[in-house]
Amino acid sequence: MVRAFLFILFKLCIIVIFFDGNIVVVASEAAPVESNKGTDTDTDTDTSSCSEPDAHEEANHNAVSTPWAFMQAFSKLGTSWNHVIGEYISVVKGADGVDLKGDVHAQDMKSGLLMLQLMVREAASVSKDDELAWSFHTTPLEEFGKTINHVLLAFLRWSIVDKSTQDDESCQLIGGINDNPLSESADAKHEINVSKAFRRLTSYIHWMRSVSSDLMEPLTFESITPSLSTFSIHIAHDSCGRLIWWVNLGKTDLSAFKSQSPRETTRMFVWVAHLLFLDEGAQTKGLIVVDDMSAIGFYDYMTMLPIQVGISVDRFLISVTPLKAKNVVLMHLPKWAEIGYGLLSWFLTKKMKSRVTIVAKGQERETLDKVAGGIEFIPADFGTVEGGLKTDIIAQLHDVQH
């Protein structure tokens, strides 16, 4: 979001991305085991509410001020630090997938697509239930003007090994771009692991089937607008053509967000996730997540969703969708989030840490310029920064004020 070990850090009950705390994805550099774990069983949505402590008992912003208090605070949410971190480690293990001996590879997108189509047809032929699941009947294809082949191409592009570095001269912005050529012609040579793409796609099919009851009603912008309107996000491209998911918790209506049903929240994030991973810029250049946490209180943050709903959504964004985050940018971190990062930094590799940018106070404008490529790519009134971007992809697609 990513987007991905940072998800453990902030226990993003809400997302994102990509977007890593409230973000979608910071790519894990560990050698994870790609599996379908969590797609049929682990992602079942728990519709029970998180137990929220009395606001008068503890000040939301000051209740978690030490590492010990941070770990103990989860007991007030009806869970434990050990349980939460264990769940998220299981999620993060699937972030990057794994290359296995005997995997089938293709050298170009055209042949890779033909091979993946064959694998899909074979999987669909197993049973009537499989035939329905592999028909992508709950995927919002019409909503985004896409076909099944567009979905397959997204997973093929995800499977390409990203050998890019921060020093890539083609994009000097923080995070760089994917080493993933845009061309899909027969002579454009890639190392596409079709088997790996199919494993990820299978996880996607299983997860979508696990929430199919929530997706019986067609997933459209109109149907998710009430939920989306409570959550302050912008989605736009930067000067390098990457997709940036801007999340502004300071302007999110937390009361309205918490009052909606788990079904409404799940539908919203599924819609947003498809908007992200079906975007060509996100597939070929990469995803950046910028999250202004606005010094949000620990309990306000952790009770935005029931814990199991949050884990289910996180699993979808981190280890199911074909999203690759180049960097996650965090602004205005509250004390509890700084403590959480300190605890978890012991587990982060050097490269994982390099994909997280924590913005120092007073450096918001300068840092966001280096992230997006100029004031014209930063949303107007984002946090303490007065950007020049007056619209975003959602508003352009649906001709609305956003």
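Computed from a prediction, not measured in an experiment: that's the story for all the values here.

### What to know about helix α4 (residues 109-124)
Compared with an ideal rise of 1.5 Å per residue, which puts 16 residues at 22 Å, α4 spans 22 Å between its outermost C-alpha atoms and is within 8% of the ideal. Buried residues belonging to α4 abut β1 (105-106), α5 (128-133), α6 (148-159), β2 (192-193) and α7 (194-210). Its side-chain oxygen at 3.1 Å from the backbone nitrogen of Lys 110, Asp 108 defines the N-terminal cap of α4.

### A look at the confidence of the model for the protein chain
Considering every residue of the protein chain, the mean pLDDT works out to 80; 77% of them sit at 70 or more. Low confidence marks residues 1-59, where pLDDT is under 50. Its contacts with residues over four positions away, or in another chain, come to 268 contacts. Note on residues 182-187: pLDDT is under 50 here. Beyond four places in sequence and across chains, it has 11 contacts.

### Overview of the sheet that holds strand β3 (residues 233-237)
Across the sheet, five strands lie side by side as β3-β4-β5-β6-β7; this open sheet has mixed pairing. Because the sheet does not close on itself, it has two edges, and the strands there are β3 and β7 (356-358). This sheet shows a mean twist of 15° between the axes of neighbouring strands, independent of strand direction. Pairing of strand β5 (residues 287-292) with strand β6 (residues 325-331) involves six bridges; the strand directions are parallel. Its bridge partner lying in β6, Val 290 is registered against Val 329. In the packing of helix α10 (residues 262-277) onto the sheet, the strands contacted are β3, β4 (243-248) and β5, and the crossing angle to β3 comes to about 10°.

### Observations concerning the environment of Leu 114
Checked against the element boundaries, Leu 114 lands in helix α4. For Leu 114, a relative accessible area of 53% puts it in the exposed group. Taking the C-alpha atoms as reference, Leu 114 lies 9.9 Å from Leu 152; in sequence the two are 38 residues apart.

### Some remarks on helix α8 (residues 221-228)
Those residues of α8 that sit buried are Phe 221, Ile 224, Ser 227 and Leu 228. Down the axis of α8, the sector holding all buried residues measures 110°, keeping them to one side. Away from the buried face of α8 by more than 90 degrees, exposed residues Glu 222 and Pro 226 are located. Along its buried surface, α8 packs onto β3, α10 and α17 (393-398).

### Some remarks on the layout of surface pockets
The computed volume of the second largest pocket comes to approximately 210 Å³. Lining of the second largest pocket is provided by 13 residues; of these, His 137, Thr 139, Pro 140, Pro 218 and Leu 219 occupy positions nearest its centre. Residue classes in the lining of the second largest pocket are distributed as six nonpolar, four polar and three charged.

### Describing the packing of α7 against α10
With their axes 12 Å apart at the nearest point, α7 and α10 run at an angle of 155° to one another. For the element pair α7 / α10, the angle class is roughly antiparallel. Like other packed secondary-structure pairs, α7 and α10 cross with a definite hand, here left-handed. Contacts from Tyr 204, Trp 207 and Met 208 of α7 reach α10 at Thr 266, Val 270, His 274 and Phe 277. Taken together, the residues of the contact of α7 with α10 sort by class into five nonpolar, two polar and no charged.

### Remarks on the state of the cysteines
Within this structure, the stated rule accounts for one disulfide. The residue that forms a disulfide with Cys 171 is Cys 240, at a sulfur-sulfur distance of 2.1 Å. Note on the Cys 171 and Cys 240 pair: the S-S dihedral is about 100°, so by sign convention the disulfide is right-handed. Here Cys 240 lies in the loop between β3 and β4 and Cys 171 lies in the loop between α6 and β2, a separation of 69 residues in the sequence.

### Considerations on the pattern of salt bridges
A full pass over the atoms with the stated rule returns 11 salt bridges. For Asp 103, the salt bridge goes to Arg 199, with nearest N and O atoms at 3.0 Å. One end of the pair, Asp 103, is in the loop between α3 (81-92) and β1; the other, Arg 199, is in helix α7, with 96 residues separating them in the sequence. Grouping residues by exposure puts Asp 103 and Arg 199 together as buried. A salt bridge links Asp 300 to Lys 258; the shortest N-O distance between them is 3.6 Å. Of this pair, Asp 300 sits in helix α12 (residues 298-302) while Lys 258 sits in helix α9 (residues 254-259), and the two are 42 residues apart along the sequence.

### Description of the packing of aromatic side chains
What the rule picks out here adds up to 19 aromatic pairs. Aromatic pair Tyr 204 and Phe 316: ring centres 6.4 Å apart, planes at 25°, arrangement stacked. In this pair, Tyr 204 sits in helix α7 while Phe 316 sits in helix α13 (residues 307-319), placing the two residues 112 residues apart along the sequence. Accessibility classification places Tyr 204 together with Phe 316 in one group, the buried group. Taken together, the aromatic side chains of Trp 134, Phe 136, Phe 155, Phe 198, Tyr 204, Trp 207, Phe 277 and Phe 316 make up a single cluster linked through ring pairs. One cation-aromatic arrangement involves Lys 196 over Trp 158; the distance from NZ or CZ to the ring centre is 5.3 Å.

### What about the packing of α8 against α10?
Where α8 meets α10, the axes come as close as 9 Å, and the angle between the chain directions of the two elements is 115°. For α8 against α10, the interelement crossing comes out left-handed. Residues Phe 221, Ser 223, Ile 224, Ser 227 and Leu 228 of α8 pack against Glu 264, Thr 265, Arg 267, Met 268, Trp 271 and Val 272 of α10. Across the contact of α8 with α10, the residue classes break down as six nonpolar, three polar and two charged.

Calculation notes
Residues numbered from 1 in each chain as written. Predicted model: local features only at pLDDT ≥ 70, side-chain atom pairs only at ≥ 80, totals over all residues. Heavy atoms only, no water. Helix = DSSP H or I, 4+ residues; strand = E, 2+ residues; numbered from the N terminus. Expected span 1.5 Å × (residues − 1). Contact = heavy atoms within 4.5 Å. Polar contact = N/O pair within 3.5 Å; in protein donor to acceptor, adjacent residues only side chain to side chain. pLDDT = per-residue confidence, 0-100. Pairing = 2+ DSSP bridges. Axes fitted to C-alpha atoms, helices over the stretch in contact; angles between N-to-C directions. Buried < 20%, exposed > 50% of the residue type's maximum accessible area, 1.4 Å probe, protein only. Arc of directions from axis to C-beta. 1 Å grid on protein atoms, 1.4 Å probe; cavity = no way out; pocket = protein on both sides within 12 Å on 5 of 7 lines; lining within 4 Å. Points joined across faces, edges and corners; volume = space filled by probe spheres on them. Nonpolar A, V, L, I, M, F, W, Y, C, P; charged D, E, K, R; others polar. Parallel < 35°, antiparallel > 145°, perpendicular 65-115°, else oblique. Left-handed = near helix turned anticlockwise from the far one by under 90°. Disulfide = S-S within 2.5 Å. Salt bridge = Lys/Arg side-chain N within 4 Å of Asp/Glu carboxyl O. Phe/Tyr/Trp six-rings, centres within 6.5 Å; stacked < 30°, edge-to-face > 60°. Lys NZ or Arg CZ within 6 Å of the ring centre and 35° of its normal.

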